[in-house]
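This is what each chain is made of:
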Amino acid sequence: MADPSSTPPTPPDVEHAPLVRALEAVTSGVMVVDATAPLLPITYVNGAFERLFGRTREELVGQDPALLAGEAAAVEDRRALTHALRDGATYAATITLRRSDGSDFRAAMRMSPVHDAAGTLTEWIAVVDDVTERVDALDQLALAEARYRGLVEHVPAVAYVAEWDVHSTLTYISPQIEELLGWPPEAFLADQDLWYRCIHPEDIERVREQERVAFEAGAWADMEFRMLRRDGSERWVRDKEAVIRDADGTPRFSQGVLVDVTPTRATESELQDERHRAQRYLDIAGAIIVILDASAKITLLNRAGTELLGYDEGELIGRDWYDAVVPERLRETGRAAYAAEVHGDQDDAVNESTVVTKDGEERTIAWRDTVVRDADGAVTAVMSSGVDLTERRAAEEQIAYLAYHDPLTGLPNRALLQEHLDLALARARRQSQAVGLLYLDLDGFKLVNDSLGHPAGDELLCHVTLRLSERRRGMDLLARQGGDEFLLLLADMPRADAEAHARRVAEDLLRALAEPFSISGAEFHIGASIGISLYPRDAPDADSLLRHADAAMYAAKSAGRNGVTVYSGDPHESLERLSMTSRLRKALDREELLLHWQPIVDPRDGALRKLEALVRWQDPFRGLVMPDDFIAFAEETGFVDRVGDWVVRSVRDQVLAWERAGYRPPRVTVNVSPRQLRRPDFGQRLLGLLTPDDVAGRFTVEITESAAMVDPRRTDPILTELVAAGIEVAIDDFGAGYSSLSRLRTMPVQVLKIDKTFLETVPDNPEATAIVTAILELARALGMDAVAEGVENEAQRAFLVERGCPLAQGFLLGRPVPAQEIEPLLARVGTPHAS
C-alpha cells in the first residue's frame, strides 16, 4: 500500500483530459505508476487495462503493480523488471501475468520511464498486450519443428535440404549420413564437393545429367546409384528429391531422402517370381476381375463384374461360370476353350466372349487371362480382367453400316453398289453375260423441297424408295447415289436380250412413280429420267458404265424428261459442254472466280477456331454460281487442277493480306478434289505455293472420304508429306462414302468432318443421333478433331455441345461471306494462327 502521509501526483485524467480520452480509445492496456513514491503505487489505468486484468480502476489505483504478476511471472522476469525499475531503464519483455480470477496469460509489456524538466524520474508508463495466442502458436511451431527434426533424425534414412541452384548446395543433412557413408553431416556442409566424390565413378555422369534435367525442368528427381563409404565399400542408395515452391509456383529449395537400398538390391533375384505374380494382379486392376478355379467355379468377382452382370455382391461365388453367365448356345465351346487353357502351356491369353446378365442382356467382353500355378506347376486358378466392348462394338457396327448405306432411305450407297458392280462384271466376263446399270434422276423433286422444305423432300425420297424397291428383282441392287438420284444394278443378263430387259425394268420403274405422292397433305406427281448403260456393249469397265449411264440420264432429261434413254455412244460433246468449257476457261483468265469464307467455331460459345475457303464463280451471264454447278465439270475435264491452284494462291494471298492489316487469322481450310489428289506431284505442287511464304502451318486440306480410301499406296505418302510440312489433313463429308476403320486408324489425318446429312434430323431421330454420337466417339478414340457440318438450328447446336463436339459450322453459326465481311469477326476475337 502507498504511504498515507505522502501526497500522490495529480492523476493524468485531471490535468490532461484530452490525453485521457485518447488513452481510453486504445486497445492496449496502459498503466501509470508514481516513480516518486517508495512503493511505486499505480496512479492510472485505462479501460483496456481494466478489461485485461479483470479489475476496476478503483481496485488498482494506489496498489503495488507487483501484485499483477505475483508468482505467475518467472523469477528471471521479476528480477529483470526489478533491475530496470532500479536503474530507471526501459523494460520490454514477454512475461506471465495474472488476472483477478487467478488465471494467467502471456503479456507483451513495455515500461518506459518519464522524467520532468529537471531530469528527475517522476512516473513509469506501462503498455501491456495479451499475446497468449501468438506465443502459444510460436510454442507449438517450435514444438512441431523439434518433433519433425527428431522424427527426421531417427528414421532409417538420410534427409537433406539443398538450395535451388545449379550446384544443389546443401544446407542441411541429417546425422544418419555418418552411419551410411562414414562422414559426419558437418563435413558435407563444409565441403560441397564431398557429396559428388562419394558417388561411384561409373554413376557420376548419369547422376549429374539427371540432376541437370530435373533442375532445368523444375521437376523432382528419383534415381538409384552407388555411393562409396569412407572405408571404400559400396552402397546402393535411392535418392528421391522433391521441389518446394512458393505461392507463385517458383522453386525455392529442394528436399530429399537418401535410402540405403543395398539389402533390397541383394534380394531382388529372390523376389523376382513374387514380383511377376504381383504384377499380374496389378495389370488387371481397374477392370472387371474374375478368378475361377481349375473347374471354372467362381472364387472372386469384383464390384465392376457384379454390377455389369446385375448380381448382388457374393451372389455368384461358388457357382459355375459357364452355367451362370454364359449363353446356353456358347457354353460347350466356352468350356472346351477353358479346359484347353487350363491344361495348356501358355499362362497368358487374350480373347473375346459373350456373357449374359441377370436380366438376360448379352454383353461382349474382351478378356485377358492369366493362369496361376502353384510351386509344383499345377493350375490353381485363372485370373481374368475384362473390358465391356458392347457399346464400342455397336458403334463400330453402326459406322460399318453407315459406310455402305444411305442413312435416310436405308438403301445401299454408292460404295456398296461399286463393290456389287465389280463382282457382277467379274461374273459377266467369266460367263459371257451382260450387266446393266440404270441411272435414275427424279423430275420435279426440287418443287417439293422448295415448296414444303427439306423434311417433306426427305419423306418423298423414302416413299420413292419403297415404290422402286417393290418393282426390282430380288437379285438386283437398288442404291441411292445422293440427292434425288438412284442407281439400279441389273446383273447376270443374257447379252442378246440385255437392252430389251433393261428397258422393261426402266419402264416399270416409271410406272411405279406415275401414281401421285401425298406429302404433308398435298399431292405431287413425280417423274424420273432414266439412263441405261450396258456391259460389254457400252462400257468395258465399272467407271465407264457409271459415266455412260449418267450421260444417258442427262440425255433423257434433254429429251423432255420422264423418259428412258439408252447410251448412244456418241463420241462428240454437246454444245452445252463445249460452251461450259469455253466459259470456265475464260472465268480463270478473267479472274471471275472469288472466295467466300465460312466460320468454323466452338459450338459452346461461338468462338472462331477456323475458316473454310469456298470458291464461287461470278458468271457474267448467270450471276453467282455455286461450286456444285461447275466443280464436277471441272473435275471431269481436268480444269480442276487450275481451279485448285487458283484457290490455294488466293487463300494464301488473303491470309498474308489479313496479317499485314493487323489481323491474326486462324487456320484456314481448302477443299482438294479427288483428281488433284491422284496427281503424283500434288504434294510438291501445293507446298511450292505455300512454303515460300511460310503459311503451310496455317492450312488444312479437306479430301473426300472416297478419295482418301481408294489408293493408300499413292495417297498416304502425299498426305504424310503435307503433315510433315505442318499442313493439317481433314476427311470431308465423313460417313457419306466408305471408310475402313483399320485404314482410317493408320492414315495421317487429324480431322473428321461429319457429313451434314446426318445432322439434318438430329436430335429428333434416334438413329441419326446414334450415328453422329458414334462418329464423335470414333474421332476421340483416334485422337482426331471432329467438325459437325450443317448446323442450322439451336437444337442441333445444343446436341453437339452435350456430346462434346469440339468444332461446328453451318448457317446458324455463320454463313459463307466475302473476306471484307468476315474481317469484323477477326478483329473482335483476335484468334491465334492455329486451333
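Residues numbered from 1 in each chain as written. Predicted model: local features only at pLDDT ≥ 70, side-chain atom pairs only at ≥ 80, totals over all residues. Heavy atoms only, no water.

**Q** Sorry, what's going on with the overall build of the chain here?
**A** Check the secondary structure of the chain and you find 32 helices and 31 strands. When the 835 residues of the chain are sorted by exposure, 44% land in the buried category. Excluding contacts between residues fewer than 6 apart, the proportion of contacts in the chain whose partners are at least 24 apart in sequence is 57%. Of the accessible surface of the chain, which amounts to about 42,600 Å², a share of 52% is contributed by carbon and sulfur atoms. (Helix = DSSP H or I, 4+ residues; strand = E, 2+ residues; numbered from the N terminus. Buried < 20%, exposed > 50% of the residue type's maximum accessible area, 1.4 Å probe, protein only. Contact = heavy atoms within 4.5 Å. Areas by Shrake-Rupley, 256 points an atom, 1.4 Å probe, with all protein chains shown as cover.)

**Q** Would you take a moment to explain the packing of helix α16 (residues 390-404) against helix α30 (residues 766-781) for this structure?
**A** The geometry of α16 relative to α30 is characterised by a closest axis approach of 9 Å and an angle of 110° between their N-to-C directions. Judged by the angle between their axes, α16 and α30 are roughly perpendicular. The segment α16 lies against α30, with Ala395, Gln398, Ile399 and Leu402 engaging Ile771, Ala774, Ile775 and Leu778. The residue inventory of the contact of α16 with α30, partitioned by class, reads seven nonpolar, one polar and no charged. (Axes fitted to C-alpha atoms, helices over the stretch in contact; angles between N-to-C directions. Parallel < 35°, antiparallel > 145°, perpendicular 65-115°, else oblique. Nonpolar A, V, L, I, M, F, W, Y, C, P; charged D, E, K, R; others polar.)

**Q** Teacher, can you tell me more about the pattern of salt bridges here?
**A** Should the charged atoms of two oppositely charged side chains come close, the side chains can pair. Counted under the stated rule, the structure contains 46 salt bridges. Note that Arg363 is salt-bridged to Glu361, the shortest N-O span being 2.7 Å. One network of salt bridges, in which partners are shared, links Glu202, Asp203, Arg206 and Arg226. (Salt bridge = Lys/Arg side-chain N within 4 Å of Asp/Glu carboxyl O.)

**Q** Explanation requested: the sheet that holds strand β10 (residues 251-260) in the structure shown.
**A** Paired through backbone hydrogen bonds, the strands of a sheet run either parallel or antiparallel to each other. Judged by pairing direction, the sheet is antiparallel, and its five strands sit side by side in the order β7-β6-β10-β9-β8 without closing on themselves. On the outer flanks of this sheet lie β7 (170-173) and β8 (221-228), each paired with one strand and no other. For this sheet the average axis-to-axis angle between neighbouring strands, irrespective of direction, equals 25°. Judged from the six bridges that link them, strand β6 (residues 158-163) and β10 form a sheet pairing that is antiparallel. Each bridged residue has a counterpart across the sheet, and for Val158 the counterpart in β10 is Leu258. (Pairing = 2+ DSSP bridges.)

**Q** What should I look at first to understand empty space enclosed by the protein in this one?
**A** Space left empty within the atom packing is revealed by a probe, the size of a water molecule, rolled over the atoms. Using the criterion set out here, one finds five cavities of 30 Å³ or more in the structure. Size it by volume and the largest cavity reaches roughly 60 Å³. Asp641, Gly644, Asp645, Val648, Gln676, Arg679, Phe682, Arg685, Leu686 and Leu689 are the residues that line the largest cavity. Here the lining of the largest cavity is composed, by residue class, of four nonpolar, two polar and four charged. (1 Å grid on protein atoms, 1.4 Å probe; cavity = no way out; pocket = protein on both sides within 12 Å on 5 of 7 lines; lining within 4 Å. Points joined across faces, edges and corners; volume = space filled by probe spheres on them.)

**Q** Would you mind showing me how to read the sheet that holds strand β16 (residues 434-443) here?
**A** The five strands lie next to each other as β17-β18-β16-β21-β22, forming an open sheet whose pairing is mixed. The sheet is open, and its two borders are formed by β17 (477-482) and β22 (564-566), each paired with just one other strand. The average angle at which neighbouring strand axes cross in this sheet is 20°, direction not considered. Of the strand pairs in this sheet, β16 and strand β21 (residues 527-535) are connected by nine bridges, and their pairing is antiparallel. When the bridges of β21 are listed, Asp443 appears paired with Gly527. Contacts between helix α20 (residues 498-514) and the sheet are confined to β16, β18 (485-493), β21 and β22, with β21 contributing the most and set at about 165° to the helix. Each of β16, β18, β21 and β22 is contacted by helix α21 (residues 542-558), which is oriented at about 145° to β21, the strand it contacts most.

**Q** Help me out: how do you make sense of the packing of aromatic side chains in this one?
**A** Both the distance between ring centres and the angle between the ring planes are used here to describe each pair of aromatic rings. Taken as a whole and assessed by the stated rule, the structure comprises nine aromatic pairs. Residues Tyr160 and Trp195 carry aromatic rings whose centres are separated by 5.8 Å and whose planes lie at 55° to one another, so their mutual orientation is tilted. Of this pair, Tyr160 sits in strand β6 while Trp195 sits in helix α9 (residues 194-197); the two residues are 35 residues apart in sequence, bridging distant segments of the chain. Each member of the pair, Tyr160 together with Trp195, is buried. Plain terms: the ring middles of Trp321 and Trp367 are 5.9 Å apart, the flat faces sit at 80° to each other, and that makes the pair edge-to-face. Of this pair, Trp321 sits in helix α14 (residues 321-325) while Trp367 sits in strand β14 (residues 362-373); the two residues are 46 residues apart in sequence, bridging distant segments of the chain. One exposure class covers both Trp321 and Trp367, and it is buried. Among the aromatic residues, ring-to-ring pairing joins Phe49, Phe53 and Phe105 into one connected group. Between Arg208 and the ring centre of Tyr196, over which it is positioned, the NZ or CZ distance is 3.9 Å. If you follow Arg467 out to its NZ or CZ, it ends over the ring of Phe517, 3.7 Å from the centre. (Phe/Tyr/Trp six-rings, centres within 6.5 Å; stacked < 30°, edge-to-face > 60°. Lys NZ or Arg CZ within 6 Å of the ring centre and 35° of its normal.)

**Q** Quick question: what am I supposed to make of the confidence of the model for the chain here?
**A** When pLDDT drops low, the exact placement of atoms in the prediction is not to be read closely. The pLDDT averaged across the chain works out to 84; a share of 88% of its residues lies at or above 70. For the chain, helix α1 (residues 12-15) is the element with the lowest average pLDDT, namely 48, and strand β31 (residues 807-808) is the one with the highest, namely 97. Under a pLDDT of 50 for its full length, residues 571-576 has, in the predicted model, one contact with residues more than four places off or in other chains. For the stretch residues 831-835, pLDDT sits under 50, and the model shows 17 contacts to residues farther than four places along the chain or on other chains. (pLDDT = per-residue confidence, 0-100.)

**Q** Any chance you could explain unusual backbone geometry here in plain terms?
**A** Apart from glycine, the bulk of residues carry a negative phi angle, and the bulk of peptide bonds sit in the trans form. With an omega of 5°, the peptide bond running from Tyr535 to Pro536 counts as cis. Structurally, Pro536 can be placed in the loop between β21 and α21. Here the amide bond leading from Val762 into Pro763 is cis, since omega sits at 0°, within 30 degrees of zero. With respect to the helices and strands, Pro763 occurs in the loop between β29 (751-754) and α30. In this model, Ala296 sits at a positive phi of 75°, which is unusual for a non-glycine residue. When you line up the elements, Ala296 lands in the loop between β11 (288-292) and β12 (298-301). Residue classification places Ala296 among the buried positions, given a relative accessible area of 3%. One non-glycine residue, Ser432, adopts positive backbone phi at about 55°. Here Ser432 lies in the loop between α17 (414-431) and β16. Judged by its relative accessible area of 47%, Ser432 is partly exposed.

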